[in-house]
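Listed here are the chains, written in short residue letters.
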Amino acid sequence: MFYESAAAFALLLPFGVWHYLRWETECIAKKQREFQEQFREAIQSLSSSMRVGYSVENAMKETKRDLSLLYKEDAAIQREFTHMVRQIYLQVPMEQIMEDWSGRVEQEDVRNFVNVFVMARKSGGNMLGIIKNTTDQIRDKLEVRAEIETMLAARKYEFKVMSAIPFGMIAYMKISFPEFMEILYGNPLGIGVMSVCLGIYFGAYMLGERIVNIEV
């Protein structure tokens, strides 16, 4: 019995580790999506402040005040703008502040915005037009993602159910027909066959993940 349990554990351990790493990756992706939405709100507020005549530095301060009404102090965008406003008070050049921000958050939208922002700042380009264009791009991206997630919601649920069925069947067989499970896990041939089956299942699971998770 101990040998059988140890063999089953050894077979399932790699999948468990991979699943945990996948879950951790999904948590990071979720936080990035949340920050993307927060970033969109921030540059919309920045655009509104600049439209009424504020300089970029003062518009950043006004944006920080607006964000304080929308998000808690521990929100990612709040921490970033708090840090940037402090740098403004320390007379750090705005270009350096923005470039440091891009390096910290490592977000594609922020990086693209900062690159164009810095170039326009140095060359005297249309700042309001740049901010509006960035806002429109992020809004379109979020809308497309929401539509895709709505269409795939049922398929993702079905995929999760189907992924759990093999483990449910193994648990049922182990409880109802322990002698059959001993044949599968109690000898080298059975372990080899089940290892191949687990590999096929693992490959199918990864393929399913790629199908139902579409990045925008």
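Residues numbered from 1 in each chain as written. Predicted model: local features only at pLDDT ≥ 70, side-chain atom pairs only at ≥ 80, totals over all residues. Heavy atoms only, no water.

Asks: Can you walk me through the overall build of the chain in this structure?
Replies: A tally of regular secondary structure across the chain gives 8 helices and 0 strands. The helix and strand sequence of the chain, counted from the amino end, reads α-α-α-α-α-α-α-α. Looking at the chain as a whole, 34% of its 216 residues are labelled buried. Put simply, of all contacts in the chain between residues at least 6 apart along the chain, 63% involve residues at least 24 apart. For the chain, the exposed surface amounts to about 13,600 Å²; the carbon and sulfur share of it is 62%. (Helix = DSSP H or I, 4+ residues; strand = E, 2+ residues; numbered from the N terminus. Buried < 20%, exposed > 50% of the residue type's maximum accessible area, 1.4 Å probe, protein only. Contact = heavy atoms within 4.5 Å. Areas by Shrake-Rupley, 256 points an atom, 1.4 Å probe, with all protein chains shown as cover.)

Asks: Can you help me understand the side chain of Lys61 in this one?
Replies: For Lys61, the location among the structural elements is in helix H2 (residues 56-70). Comment: no salt bridge for buried Lys61; closest opposite-charge side chain is Glu57, at 8.0 Å. (Lys, Arg positive; Asp, Glu negative; His and termini not counted. Salt bridge = Lys/Arg side-chain N within 4 Å of Asp/Glu carboxyl O.)

Asks: Please clarify how a nonpolar patch on the surface should be interpreted in this entry.
Replies: On the surface, Tyr157, Val161, Met162, Ile165 and Met169 cluster together into a nonpolar patch covering about 530 Å² of accessible area. Mapped onto the elements, Met169 comes out in helix H6 (residues 127-176). (Patch = residues over 30% accessible without salt bridge, like charges linked within 9 Å, V, L, I, M, F, W, Y side chains within 5 Å.)

Asks: Mind showing me how you'd approach H2 here?
Replies: Residues spaced three or four apart along an α-helix point in a common direction, a consequence of the helix completing one turn every 3.6 residues. Taking 1.5 Å per residue as the helical rise, H2 with its 15 residues ought to reach 21 Å, and the 21 Å between its terminal C-alpha atoms agrees with that figure. For H2, every residue scored as buried is listed here: Val56, Ala59, Met60, Lys61, Thr63, Lys64 and Leu67. (Expected span 1.5 Å × (residues − 1).)

Asks: When you look at the packing of aromatic side chains in this model, what are you seeing that I'm missing?
Replies: Any two aromatic rings considered together are summarised by their centre-to-centre distance and by the angle between their planes. Under the definition given, this model contains 4 aromatic pairs. Summarising the aromatic geometry, the rings of Phe113 and Phe117 are spaced 5.7 Å apart at their centres and angled 45° between planes, so their arrangement reads as tilted. Within this pair, Phe113 and its partner Phe117 are both found in helix H5 (residues 108-123), separated by 4 residues, close to a single helical turn. Neither residue differs from the other here; Phe113 and Phe117 are each classed as buried. An aromatic cluster is defined as three or more aromatic residues linked by ring pairs; in this entry it consists of Phe39, Phe81, Trp101, Phe113 and Phe117. (Phe/Tyr/Trp six-rings, centres within 6.5 Å; stacked < 30°, edge-to-face > 60°.)

Asks: Explain the environment of Ser45 to me, please; I cannot follow it from the model alone.
Replies: Structurally, Ser45 is set in helix H1 (residues 2-51). Residues Ser45 and Asp66 lie 21 residues apart in sequence; the distance between their C-alpha atoms is 7.1 Å. Look past the residues within four positions of Ser45 in its chain and what remains in contact with it is Thr63 and Asp66.

Asks: Sorry, what's going on with the confidence of the model for the chain here?
Replies: In low-pLDDT regions, the fine details of the predicted coordinates are not to be read closely. When the pLDDT values of the chain are averaged, the result is 79; 87% of them are 70 or greater. For the chain, the element scoring lowest by mean pLDDT is helix H7 (residues 178-185), at 72; helix H3 (residues 76-89) scores highest, at 92. (pLDDT = per-residue confidence, 0-100.)

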